[in-house]
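One letter stands for each residue in the lines below.
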Amino acid sequence: MTLLRDLTIKNFREGLLAKKYSALEIAQAFFSYIKDTDPKIHAYLNLNEKEALQQAEAADVKIAKGEELGTLAGVPLAIKDNMLMKGSPATAGSRILERYISAYDATAIAKLKAEGAVILGKTNLDEFAMGSSTENSAFGPTKNPHDHSRVPGGSSGGSAAAVASSMAIAALGSDTGGSIRQPAAFCGVVGMKPTYGSVSRFGLIALASSLDQIGPFARTTEDAAILFNAIRGADPMDATGDPNASYGPDLTNPDLTAMRGLRVGLPEEYFVGDGLSSEVAAGVDSVVDTLQRAGIKTKKISLPHTKYALSCYYIILPAEASSNLARFDGIRFARIPGVQDGNATLADIYQKQRGTGFGPEPTRRIILGTFVLSSGHYDAYYDKAQRVRALVKRDFDEAFKDVDVILTPVTPTTAFKLGEKADDPLAMYLSDIFTIPVNLAGLPGVSIPVRNISGLPVGFQLIGKPFREADILGLGRLYESLIR
Ligand code: GLN
């Protein structure tokens, strides 16, 4: 019997074509395993069983007829519950969207379907993707599959935990400040935030539109490449899509000899400070060592504005979030029926629906964002933050004159305990100190598990030039081949 935990997108297809199993058998096996396991983890918010089994059967019919198969034919995937899938809920982890049913497919979902994927269900997240632990979900936290007393990271904690516990072969998440890479590191899987503009945001419930990107979670960099290939590309429905995203070198079959020629930068600002735990430092050092032994040239570099990135992000993000979240008036998908009847004023409706619909973290960010955008404060906060953002980006532009890829830790620590930072937003915000600059600069970044670690998973991050996902995934693939 094929073990679900041994399946990758790559070997699943080989087994499917060799008729070792049918797509339907595998999909059914996943659902029975999810029903057994998920009560302990809570990775899923809702399952898509009926449709998924039809999608699996459709893949089997195509195989039987000898028709051409999509690149994801029959592949069981999980999707973060902030992406729209026609006819299904999309709660974004919030009470305010509890009754919402998606009216259309997000472009990324439509592309997965077109490649024949089987969508198992929608996964848990911090409310509106605000958080680093999945504890901000209105529907209860997800547990880290490696240690149920710890968080899986966030905000895409459900997707990371689903892949790490073999409740999906791979998954999609979204990353605004680290929400794919940080949970990938905590759960011991690969997670990539693509270059800004390479995956359509159409149908992704917006957090901060200038930072959000959809990206893959997988067990290997090869699978991440396959999934990214399926969803990338410019889209007429997203004006920030970049035509560059549709081209580029073969991501799934990198030339590993060429990868040995990449110059790797190690930014000093990411390796100092009390915040970096000894486990993470040791893990990342071991990766540097492995790469150096393979003949890869590393170089110390500096990204001097790194220390301003977090403050800058926590002005830009709330500003954009407060404006994006203004659309949720609670009228059409009202969760408190009857509120808008009778003599209720608009203010009454807002107060009741929004006041009880949003949890504490969105409320905090809506208030902060409204403040920094208000007249009189706009220049001092929002405008200033945009200027600092340009400096953070310029640091990377300068660094990339000398190196091809930048290697850093993903998170300062391994997965922390549930509840440990729940009442301390600032401590929680610091979890993303190494991932946020990448979003501010719009660059691709991938989190890859450090191998041979005892204890909790540790990830390392590879940051690439814009639209050079091939470099970071290719170097990651080389690392995976070196430590096998
Ligand atoms: N943890 C960060 C935040 O709370 C990043 C979130 C994300 O990437 N969606 O904003």
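Structural data are supplied above this passage.
Notes on the structure follow. None of these values were measured; they are calculated from a predicted model. (Residues numbered from 1 in each chain as written. Predicted model: local features only at pLDDT ≥ 70, side-chain atom pairs only at ≥ 80, totals over all residues. Heavy atoms only, no water.)

1. Overview of the sheet that holds strand β3 (residues 118-123)
What links the strands of a sheet is backbone hydrogen bonding, and the strands pair in either a parallel or an antiparallel sense.
Reasoning step 1: Across the sheet, 11 strands lie side by side as β1-β3-β2-β4-β6-β5-β10-β11-β9-β7-β8; this open sheet has mixed pairing. If you trace the sheet from one side to the other, it starts and ends with β1 (44-47) and β8 (298-301), each paired once. With strand direction ignored, the average angle separating the axes of adjacent strands in the sheet is 25°.
Reasoning step 2: Packed onto the sheet, helix α3 (residues 49-65) meets β1 and β3 and runs at close to 155° relative to β3. (Pairing = 2+ DSSP bridges. Helix = DSSP H or I, 4+ residues; strand = E, 2+ residues; numbered from the N terminus. Axes fitted to C-alpha atoms, helices over the stretch in contact; angles between N-to-C directions. Contact = heavy atoms within 4.5 Å.)

2. Here's the deal with the pairing of strand β7 (residues 264-267)
Within a regular beta strand, the side chains point alternately toward one face of the sheet and then the other, so they alternate between its two faces.
Reasoning step 1: Side chains V264 and L266 project from β7 onto one buried face, and the interleaved G265 and P267 project onto a second face that is buried too.
Reasoning step 2: Here β7 runs beside β8; their pairing, made up of 4 bridges, is parallel. The partner of P267 across the bridge, within β8, is I301.
Reasoning step 3: In terms of handedness, the path from β7 via helix α9 (residues 278-293) over to β8 forms a crossover that is right-handed. (Buried < 20%, exposed > 50% of the residue type's maximum accessible area, 1.4 Å probe, protein only. Right-handed = clockwise from strand over helix to strand, strands pointing away.)

3. So, the pattern of salt bridges
Reasoning step 1: Under the criterion given, the structure shown has 21 salt bridges.
Reasoning step 2: The salt bridge partner of R468 is D471, with a shortest N-O separation of 2.7 Å.
Reasoning step 3: Using a relative accessible area of 5% as the deciding quantity, one classes D471 as buried.
Reasoning step 4: Within this structure, K10, E222 and R477 form a network of salt bridges that share partners. (Salt bridge = Lys/Arg side-chain N within 4 Å of Asp/Glu carboxyl O.)

4. Quick word on helix α12 (residues 360-373)
Reasoning step 1: Taking 1.5 Å of rise per residue, 14 residues should cover 20 Å, and α12 covers 20 Å from first to last C-alpha, within 8% of that figure.
Reasoning step 2: For α12, the secondary structure elements touched by its buried residues are α10 (306-324), α11 (346-357), α13 (379-399) and α14 (425-429). (Expected span 1.5 Å × (residues − 1).)

5. Notes on the environment of F416
Reasoning step 1: Among the secondary structure elements, F416 is positioned in the loop between β9 (405-409) and α14.
Reasoning step 2: In sequence terms F416 and V151 are 265 residues apart; their C-alpha atoms lie 6.0 Å from each other.
Reasoning step 3: In contact with F416, not counting residues within four places along its chain, are S132, S133, E135, R150, V151, Q182, F186, K421, M428 and S431.

6. Examining the pairing of strand β11 (residues 459-464)
Reasoning step 1: Counted residue by residue, β11 has 6 buried out of 6 residues, so it is predominantly covered.
Reasoning step 2: In β11, alternate side chains face the same way, and those of G459, Q461 and I463 on one face and F460, L462 and G464 on the other are all buried.
Reasoning step 3: In the sheet, β9 pairs with β11 via 5 bridges, with the strands oriented antiparallel. Within β11, the position partnered with T408 by the bridge is Q461.
Reasoning step 4: Bridge analysis of strand β10 (residues 445-449) against β11 gives 5 bridges, and the strand direction is antiparallel. Bridge assignment links S447 to a residue of β11, and that residue is Q461.

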